[in-house]
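Breakdown of the fold
So the chains spell out like this:
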Amino acid sequence: MKTIDELLAEGVAGKRVFVRADLNVPLDGTTITDDGRIRAVRPTVSALAAAGARVVVASHLGRPKGAPDPAFSLAPAAARLGELLGSEVAFATDTVGESARATVAALTDGQVAVIENLRFNAGETSKDDAERGAFADQLAELADLYVGDGFGAVHRKHASVFDLPARLPHVAGGLIATEVGVLKKLTEDVARPYAVVLGGAKVSDKLGVIDHLLEKADRILIGGGMAYTFLKAQGHEVGISLLQEDQVPAVQGYLKRAEELGVEFVLPVDVLVAHEFPDLKTKAPAHPTTVAADAIPADQEGLDIGPATRELYAAKLADAATVFWNGPMGVFEHPDYAEGTKAVAQALVDSPAFSVVGGGDSAAAVRILGFDENAFGHISTGGGASLEYLEGKTLPGLAALED
């Protein structure tokens, strides 16, 4: 895989360089609530601009239905990128139309433009190869070179991720090179003990990575909504907690296999419960109670790991040499249910382990809860992409960058 360093060494002055970034940031109206992904791609964009390239940045945001939708405009992300670069960033109000062509044509050496949300065009996400390819042909007209740096999208077979690199000379950007290097540390010659912490809502989202990591990890810690399917698989009452009943047999199989392989599965020993889900807008006090994990009342819902579990998980992470964490331990957006996620984050900060925060809600939680990002070994920009890589899957966007 050729890298941006090699491209810069060859020279890019005067060249139109298409950077497939991941500017898919959370918005409250037009206000960006977490700019981590924009900050992550800034070094690549800055390096290209400093070398005299005419930089065309493209990304998706959200899930529009293949047509323009003002709620998903990249305009706020373009403005924030300009602030981070310290220079004006031009913005095209379409993807491959008149505005995009005119905006790119107006660029001079060292200038940067952002084109509108790629998913405003149905060709970006089409499952039809011809439709996707036609959109990639239009995108290719905007550039001379391609830099893939949107790690959060490399697991998608989309036009700008998979088809466009085949139409232009292509390299991996600095962010993707870093992300792949980190993931190799989690899959090849891993420093041990190797601990994996998995949380989030649905156990079905994590079964693939559990299956693959059972052959690699020394211990797996489970939290979040998915923990209740594990507790149910052990025969415990989980009340009205989030539960994927259809996944119980699969989970039972993984628990048995882990025992056979000598992999330690660590489940909550206590949880915070309440009669209803908390109000995340008003953050009104929820008044949870703590119960043993095998004694959840039938009319209550588990919403975070309890204090004994926090201590247990911190102890299980203290001697680890490598830690991968994906998924919060509870409803961290509400202060009454943030302590479990906070405890795992603090345990990673305190541990000498090489720690990787696997993107998505985990990365957002680290920032929202006020942790110094530099205290972790790496914070990924792609939760889904990280998980699929760890599952051993071929990621279309990475395959497209191989020569």
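To keep things clear, this report deals only with the structure shown in the data block. (Residues numbered from 1 in each chain as written. Predicted model: local features only at pLDDT ≥ 70, side-chain atom pairs only at ≥ 80, totals over all residues. Heavy atoms only, no water.)

**Focus on the overall build of the protein**
What counts here: We count a stretch as a helix when DSSP gives it H or I for four or more residues in a row; a strand needs E for two or more, and each element gets its number in order from the N terminus. Under the scheme applied here, a residue whose accessible area is under 20% of the maximum for its type counts as buried, over 50% as exposed, and between as partly exposed, the area being computed with a 1.4 Å probe on protein chains only. Here, two residues are considered to be in contact whenever any of their heavy atoms come within 4.5 Å of each other.
Each helix and strand in the protein was counted, giving 15 helices and 17 strands. Principal-axis analysis of the C-alpha atoms gives the protein an extent of 65 × 45 × 40 Å. Scored against the burial criterion, the 403 residues of the protein give a buried share of 54%. Relative to all contacts within the protein whose residues are 6 or more apart in sequence, the contacts with residues 24 or more apart total 75%.

**A closer look at the pairing of strand β14 (residues 301–305)**
For the record, the criterion: Two strands are counted as paired when DSSP detects at least two bridges linking them.
Extensive coverage of β14 is indicated by the burial of five of its five residues. Bridge analysis of strand β12 (residues 270–274) against β14 gives four bridges, and the strand direction is antiparallel. Within the sheet, the bridge partner assigned to Val-273 lies in β14 and is Gly-302.

**Details of helix α13 (residues 360–368)**
Within α13 the residues assigned to the buried category are Ser-362, Ala-363, Ala-364, Ala-365 and Val-366. Each element contacted by the buried residues of α13 is listed here: β15 (322–326), α12 (339–350), β16 (354–357) and β17 (378–379). Following α13 by one or two positions, Gly-370 adopts a phi angle in the positive range, close to 85 degrees.

**Describing a negative patch on the surface**
Rule in force here: Residues forming no salt bridge and having over 30% relative accessible area are the ones grouped into patches, like charges within 9 Å of each other and nonpolar side chains (Val, Leu, Ile, Met, Phe, Trp, Tyr) within 5 Å. Here the accessible surface of atoms and residues is derived via Shrake-Rupley with a 1.4 Å probe, and residues count as covered only by protein chains that are part of the display. Any Lys or Arg side-chain nitrogen found within 4 Å of a carboxyl oxygen on Asp or Glu counts as a salt bridge. Positive charges come from Lys and Arg, negative ones from Asp and Glu, while His and the chain ends are left out of the count. To locate a charge, take NZ of a lysine, CZ of an arginine, CG of an aspartate or CD of a glutamate.
On the surface, a cluster of negative charge is contributed by Asp-5, Glu-6, Glu-402 and Asp-403. Within the secondary structure layout, Asp-403 lies in the segment after α15 (396–399).

**Observations concerning the environment of Pro-43**
One can find Pro-43 in helix α2 (residues 36–50). The class for Pro-43 is partly exposed, based on a relative accessible area of 42%. Expressed as a C-alpha distance, the spacing of Pro-43 and Phe-18, which sit 25 residues apart in the sequence, is 15 Å.

**Some remarks on the packing of aromatic side chains**
To be explicit about the condition: Two aromatic rings, drawn from Phe, Tyr or Trp (for Trp, its six-membered ring), form a pair once their centres lie within 6.5 Å of each other, and the interplanar angle then sorts them: stacked below 30 degrees, edge-to-face above 60, tilted otherwise. Counted as over-ring charges are cases with an Arg CZ or a Lys NZ within 6 Å of the ring centre that also lie within 35 degrees of the ring normal.
Taken as a whole and assessed by the stated rule, the structure comprises three aromatic pairs. Note on Phe-230 and Phe-265: the rings are 5.5 Å apart at their centroids and 40 degrees apart in plane angle, and the pair reads as tilted. Pair noted here: Phe-230 is in helix α9 (residues 227–233) and Phe-265 is in strand β11 (residues 264–266), with a separation of 35 residues, a long-range link. Taken as a pair, Phe-230 and Phe-265 share a single burial class, namely buried. When the ring centre of Phe-354 is taken as origin, the NZ or CZ atom of Lys-185, which lies over that ring, is 4.7 Å away.

**Brief notes about empty space enclosed by the protein**
Applicable threshold: Definitions used throughout: a 1 Å grid over protein atoms alone; a cavity as a set of points that fits a 1.4 Å probe which cannot get out; a pocket as an open set with protein on both sides within 12 Å along at least five of seven lines; a lining residue as one with an atom within 4 Å of a point. Grid points are joined across faces, edges and corners, and a volume is the space filled by probe spheres set on the points. When residues are grouped by polarity, Ala, Val, Leu, Ile, Met, Phe, Trp, Tyr, Cys and Pro land in nonpolar, Asp, Glu, Lys and Arg in charged, and all others, Gly among them, in polar.
Summed over all chains, the structure comprises one cavity of 30 Å³ or more. In this structure, the largest cavity spans a volume of roughly 60 Å³. Together, Arg-20, Tyr-146, Gly-148, Asp-149, Gly-150, Ala-153, Val-154, Val-161, Ile-176, Gly-397 and Leu-401 line the largest cavity. Along the lines of polarity and charge, the residues of the lining of the largest cavity split into six nonpolar, three polar and two charged.

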